[in-house]
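The lines below spell out each chain.
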Amino acid sequence: MRQGNDIGTQYRSAIFTFGDAQRGAAEQSRRTYQRALEQAGHGAITTEIREAPEFHYAEDYHQQYLAKNPDGYCPDHSCGVSFKTAELQKPEKV
């Protein structure tokens, strides 16, 4: 997995859900956005969707990173394809 200059599974993206309704909404939004990405010539979304595990706070030195490091590494990884919440309200074409 890669996110900017960061490589490794610890940098993977995920959507954690609580229950079937949230999982369904996450999967629908992924399908909808994937179609938009494909039309723009991008590859597959690799974000994992799974049931939320027990939550643990990271160590203090990870908290409020940009407040502690105003010039810290935090690039914009935008792909240029916008996704608006209103698009989720449209009936899905199957």
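All figures in this text were calculated on a predicted structure; none of them were measured in a lab.

Moving on, we come to the side chain of threonine 47. Position of threonine 47 among the secondary structure elements: in the loop between helix H1 (20–39) and strand E4 (48–51). Within the local environment of threonine 47, its side chain forms a polar contact with the side chain of serine 13, the two groups lying 2.7 Å apart. Residues within four places of threonine 47 in sequence aside, it is in contact with Ser13, Ala14, Ile15 and Arg30.

With that settled, consider the packing of aromatic side chains. Considering all chains together, one arrives at 1 aromatic pair under this definition. Their ring planes at 85 degrees and their centres at 4.9 Å tell us that phenylalanine 55 and tyrosine 57 sit as a pair that is edge-to-face. Tyrosine 57 sits in the exposed class, given a relative accessible area of 70%.

Positive phi, normally seen in glycine, also occurs at glutamine 64, with a value near 55 degrees. Structurally, glutamine 64 can be placed in the loop between E4 and helix H2 (65–68). Glutamine 64 sits in the exposed class, given a relative accessible area of 58%.

Scanning the entire structure with this criterion turns up 3 salt bridges. Note that arginine 12 is salt-bridged to glutamate 48, the shortest N-O span being 3.8 Å. Taken together, the residues span a long stretch of sequence, with arginine 12 in the loop between strand E2 (6–7) and strand E3 (14–17) and glutamate 48 in strand E4 at a distance of 36 residues. Classification of glutamate 48 by relative accessible area gives partly exposed; the value is 30%. The partner of glutamate 48 in a salt bridge is arginine 50, and the shortest N-O contact between them spans 3.9 Å. Linked by salt bridges that have partners in common, Arg12, Glu48 and Arg50 make up one network.

Examined bridge by bridge, E3 and E4 share 4 bridges and lie parallel to one another. Bridge pairing links threonine 17 to glutamate 51 in E4. Between the parallel elements E3 and E4, the chain passes through H1 in a crossover that is right-handed.

What follows deals with H1. Over its 20 residues, H1 runs 29 Å from end to end, which matches the ideal 28 Å to within 8%, given 1.5 Å per residue. For H1, the complete set of buried residues consists of Ala26, Ser29, Thr32, Tyr33, Gln34 and Leu37. Positive phi appears at glycine 41, one or two residues downstream of H1, with a value of about 85 degrees.

What follows deals with the side chain of glutamine 34. Assignment of secondary structure puts glutamine 34 in helix H1. Beyond its immediate stretch of four places on either side in the chain, glutamine 34 contacts Gly43, Ala44 and Ile45.

Calculation rules
- Residues numbered from 1 in each chain as written.
- Predicted model: local features only at pLDDT ≥ 70, side-chain atom pairs only at ≥ 80, totals over all residues.
- Heavy atoms only, no water.
- Helix = DSSP H or I, 4+ residues; strand = E, 2+ residues; numbered from the N terminus.
- Polar contact = N/O pair within 3.5 Å; in protein donor to acceptor, adjacent residues only side chain to side chain.
- Contact = heavy atoms within 4.5 Å.
- Phe/Tyr/Trp six-rings, centres within 6.5 Å; stacked < 30°, edge-to-face > 60°.
- Buried < 20%, exposed > 50% of the residue type's maximum accessible area, 1.4 Å probe, protein only.
- Salt bridge = Lys/Arg side-chain N within 4 Å of Asp/Glu carboxyl O.
- Pairing = 2+ DSSP bridges.
- Right-handed = clockwise from strand over helix to strand, strands pointing away.
- Expected span 1.5 Å × (residues − 1).

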